[in-house]
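Analysis of the macromolecular model
Read off the chains here:
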Amino acid sequence: MKLALNSLSLESLASLSRRERRLVLAGLALAVAILLFGVLLPLDRSVAHARERLEKKQADLSWMQGVASELAAAVVPPSSGESLVVIIDRSAREAGLAGTLTTEPAGSGSLSIRLQKAPFDTMIAWLARLAQQHGVSVETATIEKADTAGLVNAAVVLHSG
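On a predicted model such as this, the values are computed, not experimentally measured, just so you know. (Residues numbered from 1 in each chain as written. Predicted model: local features only at pLDDT ≥ 70, side-chain atom pairs only at ≥ 80, totals over all residues. Heavy atoms only, no water.)

Looking at the environment of Pro-119
Heads up, the condition is: Helical segments are the DSSP runs of H or I of at least four residues, strand segments are the runs of E of at least two, and each set is numbered from the N terminus. Residues count as neighbours in contact if any of their non-hydrogen atoms are within 4.5 Å of one another.
Looking at where Pro-119 falls in the secondary structure, it is placed in strand β2 (residues 110–119). Beyond its immediate sequence surroundings of up to four residues, Pro-119 is in contact with Leu-97, Gly-150 and Leu-151.

Considerations on the pattern of salt bridges
The cut-off we apply is this: Each reported salt bridge corresponds to a side-chain nitrogen of Lys or Arg within 4 Å of a carboxyl oxygen of Asp or Glu. Only protein chains enter the accessibility calculation, which uses a 1.4 Å probe. A residue is then buried if its area is under 20% of the maximum for its type, exposed if over 50%, and partly exposed in between.
Scanning all chains against the criterion turns up three salt bridges. For the salt bridge of Arg-90 with Glu-94, the shortest nitrogen-to-oxygen distance reads 3.9 Å. In this pair, Arg-90 and Glu-94 are both assigned in helix α3 (residues 84–95), four residues apart and thus about one turn of the helix distant. Taking the relative accessible area as the measure of exposure, Arg-90 reaches 22% and is therefore partly exposed.

Quick notes on unusual backbone geometry
Phi at Lys-117 is positive, roughly 50°, even though this residue is not glycine. In this fold, Lys-117 is placed in strand β2.

With respect to helix α4 (residues 120–134)
Put simply, the rule is: Take the number of residues in a helix, subtract one, and multiply by 1.5 Å to get its expected span.
Between the first and last C-alpha of α4 there are 21 Å, a value that for 15 residues agrees with the 21 Å anticipated at 1.5 Å per step. Contacts from the buried residues of α4 go to α3, β1 (101–105), β2, β3 (136–145) and β4 (151–160).

As for the side chain of Asn-153
Heads up, the rule is: Polar contact criterion, stated in full: a pair of N or O atoms within 3.5 Å, where within protein one must be able to donate a hydrogen and the other to accept it, and residues adjacent in sequence count only if both atoms are side-chain atoms.
For Asn-153, the location among the structural elements is in strand β4. Residue classification places Asn-153 among the buried positions, given a relative accessible area of 16%. Of the polar contacts made by the side chain of Asn-153, one reaches the backbone nitrogen of Lys-117; its length is 2.8 Å. Apart from the residues lying within four places of it in its own chain, the contact partners of Asn-153 are Leu-115, Gln-116, Lys-117, Thr-142, Ile-143, Glu-144, Lys-145 and Ala-146.

Comments concerning the sheet that holds β1
Where we set the bar: Whether two strands pair depends on DSSP finding at least two bridges between them. Helix axes are fitted only over the stretch in contact, all axes being lines through C-alpha atoms; the angle between N-to-C directions runs from 0 to 180 degrees.
The strand order across the open sheet formed by four strands is β1-β2-β4-β3, and the pairing between neighbours is antiparallel. Either end of the sheet is taken by a strand with one partner, and the two such strands are β1 and β3. Within the sheet, the average angular offset between the axes of one strand and its neighbour, ignoring direction, is 15°. Judged from the eight bridges that link them, β2 and β4 form a sheet pairing that is antiparallel. Paired with Arg-114 across the strands is Ala-155, a residue of β4. Set on the sheet, α3 makes contact with β1, β2, β3 and β4; between it and β2 the angle comes to about 15°. Against the sheet, α4 engages β1, β2, β3 and β4, with an angle of about 150° to β2.

Encoded structure:
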């Protein structure tokens, strides 16, 4: 083959033998196929997938913005007049966490609690009920796994109001 890479033209292609022309055209077709199927189509799929994700995230954002006003307007349950210590003690007993719980005051309207080897799911459900039913919020929480699967040791500071 007398064809140099820098001298590719129609004249040089025409000067090749029929077999060499077919080989060059087959190589060109293969290069186009590799470019099309190996680069352009996967890139197009990736862009389409990114657009779908963006549209979904934009829909989620607009939903969250719509719900934000409802959440901001949500009324915190009225205080029953009970102290935070009483609310925590009673609700912990109801949730089955009384044996794992120790409490100590942590300042004005706050209470520091420690749970030892408490079931994680039960603890999270209990904290959620405290927030929903009594307006008690978690200021800080440190949760570490215990020796047994599903059990945790936790230090939580709760605040009422």
